[in-house]
Amino acid sequence: MSTTSVVEKDAQERMVDQAAEKGRSRPVWWLVFIRELADLWIGGKALNMILIYSVLMGIMVYVYSYNSELSLIPPKEMVYEMLKNAMAVSLFIGLVIGADMLSGERERNTLESLLLTPAKRGQIVFGKFLAGISPWPAALLIAIPYLIVVSQGDEVLGPAILWGAITGSILVPAYTGLGMLVSFWSSSNKVSYFVSLGVYILFLVPAQLPGRAQTGAAGQFLQWVNPLAAVNHFLSKHLVNYRTIAEFWTWLISPVAFAALVLGLLFVIAGPGLRLEAGRSIKFLKRLGSRTSTVIILLAILITSVYPAMAFQTGNTQAENLSITIDLDTAIVKTGDKVEFNTVVTNLGSSPSLPLIVAMNIINLNAQGDVVDPEDWSPQRTQYSESLAPGGSISHAWIINTILDGDYMVYMVLIPAPGSVDATSHPVASPGIHLTVTQFTRLNPGGVLPYAIGGPVVVLIGILVLYRIRRKQVDND
Amino acid sequence: MKSNNNHTAAPKDQREVLVVEGIQKMYGNRRALKGLTFTLLAGRVMGFLGPNGAGKTTSIRILTTIMEPDAGHFTVDGIEFDQPEKIRRKIGVLPENLGFPRQMTAVEYLVYFGQLYGLPPQSAKTNAMRLLNVVGLENRTKSLISSFSHGMRQRLGIARALVNNPVVVFLDEPTLGLDPRGQQELLLLIQRIAREHQTGVILCSHMLSEIEGICDDVIILSSGQVVAQGAVNSVIGDIQRNIARVRVPPENVDTSLELLSAIPNVFKVSSDPQMRGWLSVELADFIAADSQSGNLRNAILKVLIQSEIPVLSYEAEGGRLQDVFLQLTEEVIK
C-alpha cells in the first residue's frame, strides 16, 4: 500500500484542479459513445456479428450465382434481394445490441457506477444509442461489393446504395432504439432479448403471410403500417419496378413515424428516467401513459389522413369508357434477360372510374397456347390504381424476366373493381407484345467466389489488426 | 486487527458532511426505513450495521441519490437532497456488487470516470495515476481489469469512488470476499482516506470486528429502524451485559459452580450443557461502574485459582460490538 503523504497528495489534487480549470471537459454523450464503441468493437459483440454478417452475405451472393434457377433472376431483383437481406440482418444486429445496452449493464453491475456520476441520464442513453447504431455503416460498406457483383453493371446499383443507405438509416436507429427501450424496461437480459426477438419476428410475419392476405385494403394497410414491410415494398417498387419516388413516397411514412415514435420515447421519456431498477416507478408510468397516448393519437390521425389505400372512392364508369395501351409491340431477348415496358390506362368517360386493376397474361405460342404462370416471370403480376378522374390517365411500369426460351404473347387486362358484391364490370384487353426468347445466360459462380470469401476474410483481418493494436495498449500480465 | 482507532467521541468543531433527518421508504405496504436520522462529520468513519433486510442497502441507495425517499430529507455538504446531480459531485460510492468492464485497463477505467465528473482528458489521467498510487495499484495501471484479483478490483473500486475528491464516501461491504490480509489492508486504507482527506466515510459491513476496529461511530439498523447509534465505545458501553464466561476442566465444573455462586454480587452461575466445561457467571444488575465490575471479575478468577482449579479460558460477554448487535437485533425481531 502506498505511503504518499498528505502534503504531496494535496499538491497533486491542486494540480488536478488547476488543470481542470484550464482544459476542456468533453460532453458526457461523447464519452459514453467512445466507451461503448470500444466495448462493442474491441473484442465485443459488434465485431463478431459483423463477421457473421459478412459470411452470410458471402454465402448469399454465391448461392445466387451458383444456383442456376436463382441466377436467372434479373440483376435488379438480385440487388433488391441482397439489399433486403442485408438490411434484415443489420436490423437484427441493431436490435440485439440495443436489447443488451441497459439490462445487460444492470446484470453486469456496471450501470450503478455510471448512475452515481453527475452525468445526465439522457446523455448516457444518447451515447449508448450512437454506439449501438455503429454496426450499420460497417454493414452497409460490407454490402456494397456484393451489390456491385450481383448488379452486373446494371444502373440499379447507384439508387440501390442510395436508398438502401437512406431507408437503413431510418430503420436501424429505430430498431436499435426499440431494443434499448425494451432493455430499459427489462430487469434481466433474458427478458430483454426474448421480447426484442419477439418484436423482430412480429415485423417479419406479414411477409410470410399467403399472397392473398397481403393484397386488398387490409393486407396493403398491414404492409404499409409495418415499417420493415413498407421499406421493402418501397425498395421493390422503386428499384425493381421502375416506379417513381413521387408515386411511392407514402410507403416511407410508417418507417419514419416508427423511428420518430421509438426515438421520441427513448430520448424524451425513457432516457431522462434511466435508473437502476427496471420500470418500477409509478410516477414514471403515469408520465409515460399520458405522453404515449398523445403520440399514438397524433400518429393515428396522421395514418388515417395519408394512407392512400384508405381513401376509397366509388365510381360508375362503364368498361367501354376505359382504354389500355402498351409502348412495346415485339421483343427478341435471351433467357435471363429482362423486358421492360409501360402501360397507360385512360378514362375516356365523363365520370370517375372505379378503382382499377391491370393484370398481366403470358401465353406460350409454341405450345399451342399454354398459359405461362406470370409469377415466375415477373415480380408483379397485377398493379392497382385508384379511381381515375374523367379524361385522366395513369402509367404503370412492368418487367418480365424471361425464364425459358420460346415464342410468347404478352397482353394485359384492365379490370374495373366492382363496387359491391352484386355488381360486376367489363374487363378490357390491351394490344399484345410478341416476345421471342432465344437463349440462356447466367452469372459465373467462379467469378463471384473471390468476393464471397474475400468479404469475411477482410473483416477477419480487420478484427486481428484491432486485436493486435489493443494488445500493444495493455500490459499482458 | 491493528488500527489506530480509539473510538473517540466526535469533536464539536468538525464539519457536518452528511445530515440525515427522518428518512422513510415504503416498498408496497412494507416500511423499509422508519425515520433514519443521523449526522456524519468530516474525517470520521461510520459503521452501518444491520441484519439482512434491515434497510442498509435502501439507506445507501437513498443517500447516494439512486433512489428517492418517501419522507424526510438529507444534505450532503450543505446541498439538499432534491439536487441529486450536485450531490453526486460530492459523493463517492463503492456499491456492494460493483461490475467492471473487463476489456478496460485500470487507468482507462479511472480516466473515463474522471471525465464523467468533468475533468479534461489530461487532468483525468493525472488524477487516475495518483489514485492508483493511493490504492497500491501503481504497477498495474495498464493491465486489463479482467486480469485483476478480487482484492485488486475492490481497491480499484475505492479509487473510482475517490475520483471526484468526495466529501462523503459510501462503501458497501468493501472487504467481502477478501482474504484476511486483504481485508486489513483495505480497512487501513479506508481509515487513512478518512483521516488524511477529511472525508466522511459510511462503511456498510456484516463483519462486526472490522466495524469495531476502524469505525469511530456506528449505527445499528433492524427492521428499518435505528436501534443504536453513536460512538462505537458508547454504543458498546450502553448495551454491555454483566456476564463472564469461564472455562474449567469438565471434572471441576460442579465444584466451580458451588464456589462461584457463593461470591457476593454474583447473581447466577450456570454450566453450558452443550459445551462441557464452560460456565456462565451473571453479575448483579447494579454492577455497572467499570471499577466495580473489574473487582468482581477478579474475584471470580481469584476464587478459582485459590481452589487450584485451572482456568482454561475467560472472557467478558457483552464487551464486543457483536454481542451488542446480536442483542439489539434479537430484541427488535422478538
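Nothing here was measured: the structure is a model prediction, and the numbers come from that model. Along every chain, residues carry numbers that run from 1 in the direction the sequence is written. To read the labels, note that chains go from A and ligands from 1, taken in the order they are written. Only residues with pLDDT of 70 or above have their local features reported here, since the model is predicted, and side-chain atom pairs are shown and tallied only from 80 upward, although totals for entire chains, interfaces and linings are computed over all residues. Just so you know, side-chain values use all the structure's heavy atoms and leave hydrogens and water out.

1. Points about the overall build of chain B
- Looking only at helices and strands, chain B has 11 helices and 14 strands in total.
- Burial status across chain B gives 53% buried among its 334 residues.
- Between two residues, a contact is recorded if the distance between any of their heavy atoms is within 4.5 Å. Residue pairs at least 24 apart in sequence account for 69% of intrachain contacts in chain B once pairs closer than 6 positions are excluded.
- Note that accessible areas follow from Shrake-Rupley with a 1.4 Å probe, and for residues the cover is restricted to the protein chains shown. Looking at chain B as shown, the accessible area adds up to about 14500 Å², and 47% of this sits on carbon and sulfur atoms. Counting from the N terminus, the helices are DSSP H or I runs at least four residues long and the strands are E runs at least two residues long. A 1.4 Å probe rolled over the protein chains alone gives each residue an accessible area, and that area as a share of the maximum for its type sets the label: buried under 20%, exposed over 50%, partly exposed in between.

2. Overview of the confidence of the model for chain B
All names here are of chain B.
- Of all residues in chain B, 87% attain a pLDDT of 70 or more, and the chain-wide mean is 83.
- Every residue gets a pLDDT, meaning the predictor's confidence in that residue, from 0 to 100. Here helix α11 (residues 321–333) stands out as the least confident element of chain B, with mean pLDDT 64; helix α3 (residues 106–116) is the most confident, with 95.
- Counting interchain partners and residues more than four positions distant, the pLDDT-below-50 stretch residues 1–6 has 19 contacts.

3. Notes on the environment of T110(A)
- Inspection of the secondary structure puts T110(A) in the loop between α6 (103–107) and α7 (111–115).
- Judged by its relative accessible area of 12%, T110(A) falls in the buried class.
- With residues up to four places along the chain from it excluded, the contact list for T110(A) reads E105(A), G99(B), F100(B) and P101(B).
- One polar contact links T110(A) to E105(A), side chain to side chain, over a distance of 2.6 Å. We call two N or O atoms a polar contact when they sit within 3.5 Å, provided that within protein one can donate a hydrogen and the other can accept it, with sequence-adjacent residues counted only if both atoms are side-chain atoms.

4. Some details on the pairing of strand β8 (residues 406–416) of chain A
Residue and element names in this part refer to chain A.
- The buried fraction of β8 is high, at eight of 11 residues.
- Only strands joined by at least two bridges in the DSSP assignment are considered to pair. Sheet analysis places strand β4 (residues 356–364) next to β8, joined by nine bridges and oriented antiparallel. If you follow N361 over to β8, its bridge partner there is Y411.
- Bridge analysis of β8 against strand β9 (residues 428–429) gives two bridges, and the strand direction is antiparallel. Counterpart to L414 in the pairing with β9 is V428.

5. Focus: the sheet that holds strand β2 (residues 30–41) of chain B
- Ordered by their spatial adjacency, four strands build an open sheet running β2-β1-β4-β5 (chain B), and the pairing between neighbours is antiparallel. Of all strands in the sheet, those bounded by a partner on one side alone are β2 and β5 (79–80) of chain B.

6. Comments concerning unusual backbone geometry
Residue and element names in this part refer to chain B.
- In this model, N165 sits at a positive phi of 50 degrees, which is unusual for a non-glycine residue.
- Within the element layout of this structure, N165 appears in the loop between α5 (150–161) and β7 (168–172).
- Note on N165: relative accessible area 31%, which makes it partly exposed.
- The residue E308 is not glycine, and still its phi comes out positive at about 60 degrees.
- Inspection of the secondary structure puts E308 in the loop between α10 (290–306) and β14 (313–317).
- On the basis of relative accessibility, which here comes to 72%, the residue E308 falls in the exposed class.

7. A short note on the packing of helix α5 (residues 75–101) of chain A against helix α10 (residues 157–185) of chain A
Residue and element names in this part refer to chain A.
- A fitted line through C-alpha atoms represents every axis, and for helices the fit uses only the stretch in contact; the resulting angles, taken between N-to-C directions, go from 0 to 180 degrees. Put simply, α5 and α10 touch, their axes get as near as 7 Å, and they point 25 degrees apart. Viewed along their axes, α5 and α10 adopt a mutual orientation that is roughly parallel. For the pair α5 and α10, the crossing hand works out as right-handed. Touching V79, L83, M87, S90, L91, G94, L95, G98, A99, D100 and M101 of α5 are A160, G164, T167, G168, L171, V172, Y175, T176, L178, G179, M180 and S183, all from α10. We call two directions roughly parallel when the angle between them is under 35 degrees, roughly antiparallel when it is over 145, roughly perpendicular when it lies between 65 and 115, and oblique otherwise. Put simply, a crossing is left-handed when the front helix is turned counterclockwise from the back one by less than a right angle, and right-handed when it is turned clockwise.

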